[in-house]
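# Descriptive structure summary
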Amino acid sequence: MSDFALDDADRWVGDWQAGLEQRLARTRALSVKLHALTGSAQSGGGLIEATVDSAGALTNLYLSDEVRRHSARWIAEQILTASESARAELARQAIQVARENGDDETAEGRVLLTAFTDRLGTRR
């Protein structure tokens, strides 16, 4: 093999490795952004507000004193509704974050975004 062919092969391997490193860095950056997200939503006419973390777990729940006028069943339904809406808001934010830098156009970004939103159990 000639020195010219070896130089071309070295350049190709170097470019390939640099490309992989860039894609990995970009995917890690998206992952960090997604992990930092939270979602919040209200239900019951604003009497109930739920906040979820990036995993979709409930991290905060606000109940207005006015909820006392309602049945326990109504309150429970509204908490579930607010929690589901908060997860949907979280998924919406994740999609927006991925679109900001075109990460939704890369294979890695699409996989990461799909895994993120699928585990939330929301419809996109």
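Presented here is a report on the structure given in the accompanying data block. (Residues numbered from 1 in each chain as written. Predicted model: local features only at pLDDT ≥ 70, side-chain atom pairs only at ≥ 80, totals over all residues. Heavy atoms only, no water.)

## Thoughts on the sheet that holds strand S3 (residues 58-63)
Across a sheet, paired strands are connected by hydrogen bonds in the backbone, their directions being either parallel or antiparallel. An order of S1-S2-S3 is seen for the three strands of this open sheet, with the pairing classed as antiparallel. Looking at which strands have only one partner, the edges of the open sheet turn out to be strand S1 (39-43) and S3. For this sheet the average axis-to-axis angle between neighbouring strands, irrespective of direction, equals 15°. By the bridge criterion, five bridges tie S1 to strand S2 (residues 48-52) in an arrangement that is antiparallel. Across the sheet, Gly39 pairs through a bridge with Val52, a residue of S2. (Pairing = 2+ DSSP bridges. Helix = DSSP H or I, 4+ residues; strand = E, 2+ residues; numbered from the N terminus. Axes fitted to C-alpha atoms, helices over the stretch in contact; angles between N-to-C directions.)

## Side note on the side chain of Ser43
Tracing the sequence through the fold places Ser43 in strand S1. Residue classification places Ser43 among the buried residues on the basis of a relative accessible area of 7%. A polar contact of 2.6 Å, which involves the side chain of Ser43, links it to the backbone oxygen of Gln78. Those residues in contact with Ser43 that lie beyond four places of it in its chain are Ile48, Gln78, Ile79, Thr81 and Ala82. (Buried < 20%, exposed > 50% of the residue type's maximum accessible area, 1.4 Å probe, protein only. Polar contact = N/O pair within 3.5 Å; in protein donor to acceptor, adjacent residues only side chain to side chain. Contact = heavy atoms within 4.5 Å.)

## Comments concerning the pairing of S2
Of all five residues that make up S2, four are buried, and the element is covered over most of its length. Remark: four residues form the turn of the hairpin made by S1 and S2, two consecutive strands paired antiparallel; Gly44 in that turn has positive phi of roughly 60°. Note: S2 against S3, five bridges, orientation antiparallel. Residue pairing in the sheet places Val52 in a bridge with Leu58 of S3.

## Digging into the pattern of salt bridges
One pass over the structure, following the stated rule, counts six salt bridges. Across the salt bridge formed by Arg26 and Asp103, the nearest N and O atoms sit 2.5 Å from each other. Taken together, the residues Arg26 in helix H1 (residues 3-35) and Asp103 in the loop between helix H2 (72-100) and helix H3 (107-120) connect sequence positions 77 residues apart. (Salt bridge = Lys/Arg side-chain N within 4 Å of Asp/Glu carboxyl O.)

## Section: the environment of Asp8
Mapped onto the fold, Asp8 is located in helix H1. The class of Asp8 is partly exposed, set by a relative accessible area of 31%. For the pair Asp8 and His70, spaced 62 residues apart in sequence, the C-alpha separation works out to 74 Å.

## So, a nonpolar patch on the surface
On the surface, a cluster of nonpolar side chains totalling about 450 Å² of accessible area is made up of Trp12, Val13, Trp16 and Leu20. Tracing the backbone shows Val13 in helix H1. Looking at Val13, the relative accessible area reads 41%, which means it is partly exposed. (Patch = residues over 30% accessible without salt bridge, like charges linked within 9 Å, V, L, I, M, F, W, Y side chains within 5 Å. Areas by Shrake-Rupley, 256 points an atom, 1.4 Å probe, with all protein chains shown as cover.)

All quantities given are derived from atomic positions and should not be read as evidence of function.
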